[in-house]
Amino acid sequence: MSGNAPTAADPAVAGHAAPGGTAPGVWADVVGQDAAVAQFRRAASPQGSLAQAWLITGPPGSGRSTAARAFAATLQCETGTGCGHCRSCRTVLANTHPDVTVVATDKLSIAKEEVRGLVMTAQRAPATGRYRVLIVEDADRMSAGTFNVLLKSIEEPPPSTVWMLCAPSAEDLAPTIKSRCRLVALSVPPSDVVAELLRRRDGVDENLAMRSARAAQGHIGLALRYATQEGALAAREESARTLLGLRGAGEAVLAAQALVDRATAEAKAHADTVAVEEKERFLRSAGIDDGKVPPSLRSQVRQLEEDAKRRQTRLVRDVLDRYLLDVHSVLRDVLSRQLGSGSELVNVEVADEIERSAGGGSAKTTLGLLEAVQETRARISGNVPPLLAIEALLARLAVSQR
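It should be emphasised that the depicted structure is a prediction, and the values quoted were computed from it without experimental measurement. (Residues numbered from 1 in each chain as written. Predicted model: local features only at pLDDT ≥ 70, side-chain atom pairs only at ≥ 80, totals over all residues. Heavy atoms only, no water.)

## Observations regarding the overall build of the chain
The line we're drawing: Note on conventions: DSSP H or I runs of at least 4 residues are helices, E runs of at least 2 residues are strands, and numbering of each starts at the N terminus. A radius of gyration in this sense is built from C-alpha atoms; the matching globule rule multiplies 2.2 Å by the number of residues raised to 0.38. Burial status follows relative accessibility: with a 1.4 Å probe on protein chains alone, a residue under 20% of its type maximum counts as buried, one over 50% as exposed, and anything between as partly exposed. Any two residues having at least one pair of non-hydrogen atoms within 4.5 Å are treated as being in contact. Working definition of accessibility: Shrake-Rupley area with a 1.4 Å probe, residue cover restricted to the visible protein chains. Note on charges: Lys and Arg go in the positive column, Asp and Glu in the negative column, and His and the chain ends are not counted at all. We put the charge of a Lys on NZ, of an Arg on CZ, of an Asp on CG and of a Glu on CD.
Tallying secondary structure elements over the chain gives 15 helices and five strands in all. Expected size for 402 residues packed as a compact globule is a radius of gyration near 21 Å; at 23 Å, the chain falls within 12% of this value. Viewed in the frame of its principal axes, the chain has a C-alpha envelope of about 65 × 60 × 40 Å. Buried positions account for 46% of the 402 residues belonging to the chain. The long-range fraction of contacts in the chain, counting pairs at least 24 apart against all pairs at least 6 apart in sequence, stands at 71%. For the chain, the exposed surface amounts to about 18700 Å²; the carbon and sulfur share of it is 52%. Computed over 48 positive and 47 negative side-chain charges, the separation of the two mean positions in the chain equals 5 Å.

## Some remarks on the packing of helix H4 (residues 112-122) against helix H5 (residues 144-155)
Just so we agree on the cut-off: Interaxial angles span 0 to 180 degrees and are taken between N-to-C directions of axes, which are lines fitted to C-alpha atoms, for helices over the stretch in contact. Each angle receives one of four descriptions, namely roughly parallel if under 35 degrees, roughly antiparallel if over 145, roughly perpendicular if within 65 to 115, and oblique otherwise.
Relative orientation of the contacting elements H4 and H5 amounts to 5°, with a least axis distance of 9 Å. The angle between H4 and H5 places the two elements in the roughly parallel class. Residues Lys112, Val115, Arg116, Val119 and Ala122 of H4 touch H5, and the partners they reach there are Gly145, Thr146, Val149, Leu150 and Ser153.

## Some words on the nonpolar core
Test applied: Take the buried Ala, Val, Leu, Ile, Met, Phe, Trp, Tyr and Cys residues and link them wherever side-chain atoms come within 4.5 Å; each set so joined is a nonpolar core.
Among the nonpolar cores identified, the biggest contains 37 residues, and Leu243, Leu320, Tyr323, Leu324, Leu331, Ile390 and Leu394 are the most heavily contacted of them. Elements with a minimum of two residues in this core: helix H10 (232-245), helix H11 (249-285), helix H12 (295-339), helix H13 (351-359), helix H14 (363-381) and helix H15 (386-400). In terms of residue count, H12 provides more of this core than any other element does, 11 residues in total. Not counting the four nearest positions on each side in its chain, Leu320 is found in contact with Leu259, Val260, Ala263, Ile380 and Pro386. Among the nonpolar cores identified, the runner-up in size contains 32 residues, and Cys77, Val133, Val162 and Leu186 belong to it.

## Let's talk about helix H2 (residues 64-76)
Heads up, the condition is: For a helix, the expected span equals 1.5 Å multiplied by the residue count minus one.
For H2, which comprises 13 residues, the first-to-last C-alpha distance of 19 Å matches the rise-based estimate of 18 Å (1.5 Å per residue) to within 8%. By the criterion of burial, H2 is predominantly enclosed, with 12 of the 13 residues buried. Each element contacted by the buried residues of H2 is listed here: helix H1 (34-44), strand E1 (53-57), helix H3 (87-93), strand E2 (100-103), strand E3 (132-136) and strand E4 (161-167).

## Quick word on the packing of aromatic side chains
Note the threshold: Aromatic rings from Phe, Tyr and Trp, with only the six-membered ring used for Trp, were paired whenever their centres fell within 6.5 Å, and each pair was classed as stacked if the ring planes differed by under 30 degrees, edge-to-face if by over 60, and tilted otherwise.
For the structure on display, the rule yields four aromatic pairs. Measuring from ring centre to ring centre gives 5.7 Å for Trp27 and Phe40, while their planes differ by 15°; the resulting arrangement is stacked. Placement of the pair is Trp27 in the segment before H1 and Phe40 in helix H1, with a sequence separation of 13 residues. A centroid spacing of 5.6 Å and a plane angle of 45° characterise the contact between Phe40 and Trp54, whose relative ring orientation is tilted. Separated by 14 residues along the polypeptide, Phe40 in helix H1 and Trp54 in strand E1 bring together distant segments of the chain. Across the pair, Trp54 and Phe40 agree in class, each one buried. An aromatic cluster is present here, built from Trp27, Phe40, Trp54 and Phe71 joined pairwise through their rings.

## Quick look at the environment of Leu393
Considering the arrangement of structural elements, one finds Leu393 in helix H15. With 340 residues separating them along the chain, Leu393 and Ala53 place their C-alpha atoms 41 Å apart. Sequence-distant contacts of Leu393, defined by excluding residues within four places in its chain, comprise Leu324, Ala372, Val373 and Thr376.

## Considering the pattern of salt bridges
Which entries qualify depends on this criterion: Should a side-chain nitrogen of Lys or Arg be within 4 Å of a carboxyl oxygen of Asp or Glu, the pair is scored as a salt bridge.
All chains considered together, the criterion is met by 19 salt bridges. Asp321 is the partner of Arg377 in a salt bridge, and the nearest nitrogen-oxygen pair spans 2.7 Å. Linking Arg377 in helix H14 with Asp321 in helix H12, this pair joins segments that are 56 residues apart in sequence. When its relative accessible area of 24% is taken as the criterion, Arg377 is described as partly exposed. When its relative accessible area of 24% is taken as the criterion, Asp321 is described as partly exposed. Residues joined in a network through salt bridges with shared partners are Asp29, Arg200, Arg201 and Asp202.

## Structural notes on the packing of helix H7 (residues 191-202) against helix H9 (residues 220-228)
Put simply, the rule reads: Should the near helix be turned anticlockwise from the far one by less than a right angle, the crossing is termed left-handed; should it be turned clockwise, right-handed.
Viewed as axis vectors pointing N to C, H7 and H9 meet at an angle of 60°, and their least axial separation amounts to 10 Å. Relative to H9, the element H7 lies oblique. Between H7 and H9 the crossing geometry is right-handed. Residues Val194, Leu197, Leu198, Arg201 and Asp202 of H7 pack against Ile220, Ala223, Leu224 and Ala227 of H9.

## Structural notes on the sheet that holds E3
Our working rule: At least two DSSP bridges between two strands are required for those strands to pair.
The sheet built from five strands is open, its strands ordered E2-E3-E4-E1-E5 with parallel pairing. The sheet is open, and its two edges are formed by E2 and strand E5 (182-185), each paired on a single side. Geometrically, the sheet is characterised by an average inter-axis angle of 15° between neighbouring strands, direction not taken into account. Here E1 runs beside E4; their pairing, made up of five bridges, is parallel.

## Quick notes on the side chain of Glu391
Positionally, Glu391 belongs in helix H15. As a buried residue without a salt bridge, Glu391 has its nearest oppositely charged side chain in Arg379, at a separation of 11 Å. If we ignore the near neighbours within four places in the chain, the residues touching Glu391 are Val253 and Ala256.

None of this, on its own, says anything about what the molecule does.
Set out below in C-alpha cells:
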C-alpha cells in the first residue's frame, strides 16, 4: 500500500466514492473488495458487533495489510467513519499512531520474542485512541510454538484490544487461533480495478497501468512495481519468451541457473540496503557515532547480521515464487488456446509464441505442467534447494516442447 495518508485533494477523502466502487476515506485503496469493506465498516459502526480478533485472508497482492490498516484507522477515526482526513486516520495510515502496532517481516519467520513483545503491548490501555490495535502481517510465518505464545492474548484480550492477523488462507494458521477469529476473505481484484488504482493513486499512464495490472494478475504491489520500475515489464516478457523457447535439458539448466543468480542478486541488494539502514539506526540509538561497537553491544550487531541473512533467504524464495507465478500465467494462456476457451490472454505481448506453443502440444501435457509449477512452489517453500527445483521444472517443460 502507499505509505502516504490521503490528502484533501483525493476525491475519496473529500467524501466522494473513489473510482472502481471503492468506499471513501481510508478505504479508497482497498479496491475490488466491496463485501469485505462493508463487513468491516458495519463492525466498526455503533450498531455493529466488533470482534476482538480478526483473520484477514486473501492471495498475495489482494490487499490484506491495506485492509487491516484501513479498518484500524476506521476504529480510531475521530468521526467513527474512517474519514481519511482527521488526525487519527492520517497517523494510522502513516504508521505513527501510538495505539496501532504493526508487525511485518521479510525474514523466514516471526520470532517468539517479537510476539511476546506484542502480547505485552496488547495488555496496555490505549494512550490516545479508542482501541489498542495490533496488526500481524504474514501471520502464517509464525511457528506452532509462536502461535501458543499468542493464543492466550487472542482468547482473553483486554476490553479495548483488537487483533488483526493477515494470512493467505485460514489453513495457514493453527486451528486454535483461527477458531477464535472472525474471518474476512479477500479476493484477487480485477485487472481493470487495479489499473484504475494505479492511475488514480500513482499517476500511471493509462496504457502502462493496464499492461502492468494484467501482467501482475491482480497483485497490486507487483502491478505498481511493473509500472514504476524501469525494465520490469520488458524483463518479464523476455522471461516468457525464454520459457516458451526452451528445447533441451541443457538450455533448461542454463536458464534455471541464470534465474536463481538473478533472484539472489536482487534479494542481496535489497537485504544489504535494509541491513545498513538497521545498523545505522541501532548505532544512532546507542549513541555511537564513530562506528566502534563496544563489546557489550556486539551480540546485538551480530543478531542484526543474522537477521539480514535470513531476510535474504526469504527474499530469494519470494522472487522465485514471483517468477513461478509468471510461468503459471504463461502456461494457463497456452492451455486457454488449446481448449479454445476464448479467454483474454494475460501475456498478450508474447501472443505469437503462445499460439505456437499451443499448436505444438496437448492440453493434457499443459495441465501436467501447471501442476508441476505448483509442486515446484511447494518444494521451494519447503526448503528444497531452489536451483534443483527450478531445474527440474524447466527441464520437464523443455522436453514437452521438443
